[in-house]
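# Architecture and fold: a report
Chain by chain, the residues run as shown.
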Amino acid sequence: MITARAAPTESADSVRQREAMAYAYPIPAGVPADDFGFLGYCDGLISGHVQLGETLGDGADAELMRLGRLERQDFQGARAVGASRATPAQAAVAQGAYDRAMTRWQPYLSNTNLDERQTAFDLFFGLPGRCEHAARRIRANITTPPATLEE
């Protein structure tokens, strides 16, 4: 007889510790520090990577594409939730951050050399850990400052 197991859950303390570590890293110059603006940047990073993978056909790792699409869906969903609470100025900043990240992908997306696009896709080292926390905080409408390493 096979019994189903509940998925393990992460403790609130563990989430808080991971969040503190993620927010301790500096963000790139010119990228918004607030969660909603930063999430726009994250969405652009993953969206560009997914779009680049889509140009590769079977050359893109299927599991990486699956995970990237899930991440993109998560970020876009969180941005939609956040947009309902954002001011027009905040929405413009977040969109600008998205556009900035997408602009970074343009030389690769417009490159006609398949091998060079493949290399760019393969060399994407992933997203800042802060991205997942910003998405979670936006979805849950968490407006208090994130935990710090000292706390």
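Computed from a prediction, not measured in an experiment: that's the story for all the values here. Along every chain, residues carry numbers that run from 1 in the direction the sequence is written. The model is predicted, so local features are restricted to residues of pLDDT at least 70 and side-chain atom pairs to those at 80 or more, both for listing and for counting; the totals for chains, interfaces and linings are taken over all residues. Excluded from the side-chain calculations are hydrogens and water; all other atoms, namely the structure's heavy atoms, are used.

### As for the confidence of the model for the protein
As a general rule, the predicted coordinates of low-pLDDT regions are not to be interpreted in detail. In plain terms, the rule: Each residue gets a pLDDT score, which is the predictor's confidence in that residue and runs from 0 to 100. Numbered from the N terminus, helices here are DSSP runs of H or I no shorter than four residues, and strands are runs of E no shorter than two.
Per-residue pLDDT for the protein has a mean of 91; in total, 95% of the residues score no lower than 70. No element of the protein has a lower mean pLDDT than helix H1 (residues 12–24), which averages 87, and none a higher one than helix H2 (residues 35–54), which averages 97.

### A look at the nonpolar core
As a reminder of what qualifies: In plain words, nonpolar cores are sets of buried Ala, Val, Leu, Ile, Met, Phe, Trp, Tyr and Cys residues tied together by side-chain atoms within 4.5 Å. Think of it in three bands: residues with accessible area under 20% of the maximum for their type are buried, residues over 50% are exposed, and the middle band is partly exposed, with areas taken using a 1.4 Å probe on protein chains only. For this analysis, residues touch if any pair of their heavy atoms sits within 4.5 Å.
By size, the foremost hydrophobic cluster in this structure holds 27 residues, and its most contacted members are Phe38, Leu39, Tyr41, Cys42, Phe75 and Phe121. Per element, the largest residue contribution to this core is nine residues, and it comes from H2. If sequence neighbours within four positions are ignored, Tyr41 has contacts with Pro28, Val31, Ala97, Tyr98, Ala101 and Arg104.

### Section: the packing of H2 against helix H4 (residues 88–109)
The description of two helices packed together rests on the angle between their axes and the distance between the axes. Let me state the cut-off plainly: Only C-alpha atoms enter the line fits that serve as axes; for helices the fit covers just the stretch in contact. Angles between N-to-C directions range over 0 to 180 degrees. Any angle from 65 to 115 degrees is called roughly perpendicular, while one under 35 is roughly parallel, one over 145 is roughly antiparallel, and all others are oblique. In a left-handed crossing the near helix is turned counterclockwise from the far helix by less than a right angle, and in a right-handed crossing that turn is clockwise. When residue character is reported, Ala, Val, Leu, Ile, Met, Phe, Trp, Tyr, Cys and Pro are called nonpolar, Asp, Glu, Lys and Arg charged, and the others, Gly included, polar.
Running from amino to carboxyl end, H2 crosses H4 at an angle of 25°, the nearest separation of the two axes being 7 Å. Accordingly, the angle class assigned to the pair H2 and H4 is roughly parallel. Considering the relative orientation of H2 and H4, their crossing is right-handed. Of the residues in H4, those touching H2 at Phe36, Gly37, Gly40, Tyr41, Asp43, Gly44, Leu45, Ser47, Gly48, His49, Gln51 and Leu52 are Gln90, Ala91, Ala94, Ala97, Tyr98, Ala101, Met102, Arg104, Trp105, Tyr108 and Leu109. Of the residues assigned to the contact of H2 with H4, the class counts are 13 nonpolar, eight polar and two charged.

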